[in-house]
Amino acid sequence: QVQLVESGGGLVQAGGSLRLSCAASGRTFSDYAMAWFRQAPGKERQFVAAIRESGSTTYYADSVKGRFTISRDNAKNTVYLQMNILKPEDTAVYYCAGRRSIAFPAISPRTYDYWGQGTQVTVSS
């Protein structure tokens, strides 16, 4: 089992920045590829970004490419999402997720084994 706890969400004006964190406990964090997803009210859960186990490779949804950066610190068992130039359409609950698999990237939420409880990000116009 892997337990994931997100933090860092909040209310920010358009053009601003936020940094989300996801702290993991349980199994060996460095064995898992990690990702961030988001879900707006009435919409399906959407892939945002993923990072390989070592942190050497990342992958982004087109909608956030150039604005968001995913990173991880395996010594701290934490994955981050730095979000810059935020837009109102970025408003959603953000979830971190983990999976143990050779295949990368995985953009379907169904392929992830572990999930956090989510953190709300609200971007005002």
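As the structure is a prediction and not an experimental result, all values here were calculated from the model. Starting from 1, residues in each chain are numbered consecutively following that chain's sequence as written. Residue-level local features of this predicted model are given only where pLDDT is at least 70; pairs of side-chain atoms are given and counted only at 80 or more, and the full residue set underlies all totals for whole chains, interfaces and linings. Note that water and hydrogens are dropped before the side-chain values are worked out from all heavy atoms of the structure.

Engineer: What is the right way to look at the packing of aromatic side chains in this model?
Structural biologist: The description of an aromatic ring pair uses the distance of the two centres, along with the angle that the planes make with each other. For this analysis, a ring pair means two rings from Phe, Tyr or Trp (six-membered ring only for Trp) whose centres lie within 6.5 Å, classed as stacked if their planes differ by under 30 degrees, edge-to-face if by over 60, and tilted for the remaining angles. With the rule as written, the count across this model stands at seven aromatic pairs. Consider the rings of F37 and F47, whose centres lie 5.7 Å apart with planes at 80°: the pair is edge-to-face. Placement of F37 in strand β4 (residues 33–39) and of F47 in strand β5 (residues 46–51) is noted, with a sequence separation of ten residues between them. The same class applies to F37 as to F47, namely buried. With a centroid separation of 5.1 Å and an interplanar angle of 55°, the aromatic rings of F37 and W115 are classed as tilted. In this description a helix means any DSSP run of H or I spanning at least four residues, a strand means any run of E spanning at least two, and both kinds are numbered starting from the N terminus. The rule is simple: take the accessible area with a 1.4 Å probe, protein chains only, and divide by the maximum for that residue type; under 20% is buried, over 50% is exposed, in between is partly exposed.

Engineer: What's the story with the pairing of β4 in this structure? I'm lost.
Structural biologist: Successive residues of a regular strand alternate their side chains across the two faces of the sheet. Of all seven residues making up β4, six are buried, and the element is well covered by its neighbours. Of the pairings in the sheet, the one linking β4 to strand β9 (residues 92–99) comprises seven bridges and is antiparallel in character. The residue of β9 that forms the bridge with R38 is Y94. Bridge count for β4 against β5 is five bridges, and the pairing is antiparallel. Of the residues in β5, the one forming a bridge with A35 is A50. Taking the residues that link successive antiparallel strands as the turn, the β4-β5 hairpin has six residues, and the phi of G42 there is positive, at about 80°. Note: two strands are recorded as paired if DSSP finds a minimum of 2 bridges between them.

Engineer: Quick question: what am I supposed to make of the nonpolar core here?
Structural biologist: Across soluble globular proteins, nonpolar side chains show a tendency to be buried alongside one another. Counting residues in each nonpolar core, the largest one holds 36 residues, and the members touching the most others are W36, L81, M83 and Y94. Elements represented by at least two residues in this core include exactly β1 (2–7), β3 (18–26), β4, β5, β7 (68–73), β8 (78–83), β9 and β11 (119–124). It is β5 that contributes the most residues to this core, five residues altogether. In plain words, nonpolar cores are sets of buried Ala, Val, Leu, Ile, Met, Phe, Trp, Tyr and Cys residues tied together by side-chain atoms within 4.5 Å.

Engineer: Just to check I follow, could you spell out unusual backbone geometry for this structure?
Structural biologist: In most cases, non-glycine residues show a negative phi, while peptide bonds are predominantly trans. In this structure, the amide linkage connecting F104 to the following residue, P105, adopts the cis form with an omega of -5°. In this fold, P105 is placed in the loop between β9 and β10 (114–115). One non-glycine residue with positive phi stands out, namely N77, at about 55°. A positive phi angle is found at I85, which is not glycine, with a value near 50°. Among the secondary structure elements, I85 is positioned in the loop between β8 and β9.

Engineer: Looking at this structure, I do not really get the sheet that holds β3. What am I missing?
Structural biologist: Here four strands make up an open sheet; going across it, the order is β1-β3-β8-β7 and the pairing antiparallel. Of all the strands in the sheet, the pair left with one neighbour each is β1 and β7. Looking at each pair of strands side by side, their axes are set apart by 15° on average, direction ignored. Sheet analysis places β3 next to β8, joined by six bridges and oriented antiparallel. In the strand pairing of β8, C22 is matched with V79. Between N-to-C directions, angles cover 0 to 180 degrees, with each direction set by a line fitted to C-alpha atoms, over the stretch in contact for helices.

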